Amino acid sequence: MGVKVIPRQGSSFKDKTYVWAIFSGLKVTLKKFTKNLANTNATTTCEYPEVQPTDISDRYRGMHRLTHRQEDDSVRCVACFMCATACPADCIFIEAEERLDGIDEKQPSRFDIDLLECIFCGYCVEACPCDAIRMDTGIFSIVAKQRKDFVIDKEQLLKNRGAFGQENSLA
Ligand code: SF4
Ligand code: SF4
């Protein structure tokens, strides 16, 4: 098999010293730096956590929540395990129980999500046939001192509310 020889580019003295390339790179950095310094409001970064972002997209995947039925505010989840099956991180733990109010056959008695294992892919939301789990809480800063505190349970998931005014979009 023949070897194709690619000629080396930039063989002049200027190219070999890299000085010109370094200074043109620094020129761009300096230009951006002075522009941002002159108008700090135009910068795309903020001094988090002192400054909290205010322009979170409604498509942002934050901490999960379990949605409620509009009729009686009870849990919409029917404990079908579709989300747990779709979860690539295997971090959803559900225990089902019979639902005795006649609204559905089942509901979760336990619904835990381990946020340290979650990769926030959103597959659970996509897999749910009932729109019962969402990630639109806008909660992106999750702090705890112990690993066990990163496991959120059914009560916490039901307490979380949508941050983008979509509560009433549920059928
Ligand atoms: S966001 Fe992804 S990793 Fe996290 S619980 Fe849902 S499916 Fe699992
Ligand atoms: S959240 Fe949705 S997919 Fe997961 S168990 Fe409940 S109904 Fe099924």
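Presented here is an overview of the structure given in this document. Along each chain, numbering runs from 1 in the same order as the chain's sequence is written. Throughout, the order in which chains and ligands are written sets their labels, letters from A for the former and numbers from 1 for the latter. Totals for whole chains, interfaces and linings use every residue, but because this is a predicted model, local features are given only for residues with pLDDT of at least 70 and side-chain atom pairs only at 80 or more, for both listing and counting. The basis for the side-chain values is all heavy atoms of the structure; hydrogens and waters are excluded.

Some points on the overall build of the protein
Link 1 in the chain: Helix and strand definitions follow DSSP, with helices as H or I runs of at least four residues and strands as E runs of at least two, each counted in order from the N terminus. Tallying secondary structure elements over the protein gives five helices and five strands in all.
Link 2 in the chain: Ordered by position from the N terminus, the helices and strands of the protein form the series α-α-β-α-β-β-α-β-β-α.
Link 3 in the chain: For a compact globule of 171 residues, the expected C-alpha radius of gyration is about 16 Å, and the protein comes in at 25 Å, more than 25% above that figure.
Link 4 in the chain: Its C-alpha atoms give the protein principal-axis dimensions of about 85 × 60 × 35 Å.
Link 5 in the chain: Residue burial in the protein is summarised as follows: out of 171 residues, 27% are buried.
Link 6 in the chain: Long-range contacts, defined as pairs at least 24 residues apart, comprise 69% of the intrachain contacts of the protein with a sequence gap of at least 6.
Link 7 in the chain: For the protein, the accessible area works out to roughly 12,400 Å², and carbon and sulfur atoms hold 55% of it.
Link 8 in the chain: On the protein, the mean spot of the 23 positive side-chain charges and the mean spot of the 25 negative ones are 15 Å from each other. Values of the radius of gyration come from C-alpha atoms, whereas the globule rule sets the reference at 2.2 Å times the count of residues to the power 0.38. Between buried and exposed lies partly exposed: a residue is buried under 20% and exposed over 50% of the maximum accessible area for its type, with that area taken using a 1.4 Å probe on protein chains only. Any two residues whose heavy atoms approach within 4.5 Å at even a single point are treated as in contact. Each accessible area value is a Shrake-Rupley result obtained with a 1.4 Å probe; residue values ignore everything except the protein chains displayed when judging cover. Positive charge is attributed to Lys and Arg, negative charge to Asp and Glu, and no charge count is given to His or to the chain ends. To locate a charge, take atom NZ for lysine, CZ for arginine, CG for aspartate or CD for glutamate.

So, the site of ligand 1
Link 1 in the chain: The immediate surroundings of ligand 1 are formed by 14 residues, with C87, C118, C121, G122 and C124 found nearest.
Link 2 in the chain: For this classification, Asp, Glu, Lys and Arg are treated as charged, while Ala, Val, Leu, Ile, Met, Phe, Trp, Tyr, Cys and Pro are nonpolar and the rest, including Gly, are polar. Here the shell around ligand 1 is composed, by residue class, of 12 nonpolar, two polar and no charged. Whether a residue is near a molecule or strand depends on its heavy atoms: if one lies within 4 Å, it is near.

A look at the sheet that holds strand β5 (residues 151–152)
Link 1 in the chain: Between any two strands, at least two bridges found by DSSP are needed for them to pair. Read across the open sheet, the three strands follow the order β2-β3-β5; overall the sheet is antiparallel. Edge positions in the sheet fall to β2 (92–98) and β5, since each of these pairs with one other strand and no more.
Link 2 in the chain: Bridge analysis of β2 against strand β3 (residues 106–114) gives seven bridges, and the strand direction is antiparallel. Across the sheet, E95 pairs through a bridge with R110, a residue of β3.

A look at the nonpolar core
Link 1 in the chain: As used in this record, nonpolar core signifies buried Ala, Val, Leu, Ile, Met, Phe, Trp, Tyr and Cys residues forming a set joined through side-chain atoms within 4.5 Å. Of all hydrophobic cores here, the largest spans 23 residues; its most connected members are L66, I92, I94, F111, I113 and I133.
Link 2 in the chain: Excluding residues within four positions of it along the chain, I92 makes contact with C83, A84, C87, F111, D112, I113 and C124.

Re the packing of aromatic side chains
Link 1 in the chain: Side-chain rings of Phe, Tyr and Trp, where Trp is taken by its six-membered ring, are said to pair if the distance between their centres is within 6.5 Å; with planes under 30 degrees apart they count as stacked, over 60 as edge-to-face, and otherwise as tilted. As enumerated under the stated definition, the model contains two aromatic pairs in all.
Link 2 in the chain: Considering the side-chain rings of Y48 and F140, the 6.1 Å spacing of their centres and the 50 degrees angle between planes classify their relative orientation as tilted. In this pair, Y48 is assigned in the loop between α2 (19–38) and β1 (65–66) and F140 in the loop between β4 (133–134) and β5, connecting sequence segments 92 residues apart.
Link 3 in the chain: For the ring pair Y60 and F140, a centre distance of 6.2 Å and an interplane angle of 80 degrees mean the geometry is edge-to-face. Of this pair, Y60 sits in the loop between α2 and β1 while F140 sits in the loop between β4 and β5, placing them 80 residues apart in sequence.
Link 4 in the chain: Each member of the aromatic cluster is reached from another via a ring pair, and the members are Y48, Y60 and F140.

Some words on the site of ligand 2
Link 1 in the chain: Lining the immediate surroundings of ligand 2 are 14 residues, of which C77, C80, F81, C83 and C128 lie closest.
Link 2 in the chain: Grouping the amino acids of the shell around ligand 2 by side-chain chemistry returns 14 nonpolar, no polar and no charged.

Some remarks on α2
Link 1 in the chain: Expected helix span is given by 1.5 Å per residue-to-residue step, counting one fewer step than there are residues. An ideal rise of 1.5 Å per residue puts 28 Å on 20 residues; α2 measures up with 28 Å between its terminal C-alpha atoms.
Link 2 in the chain: Across the 20 residues that make up α2, only a small minority, zero, are buried.

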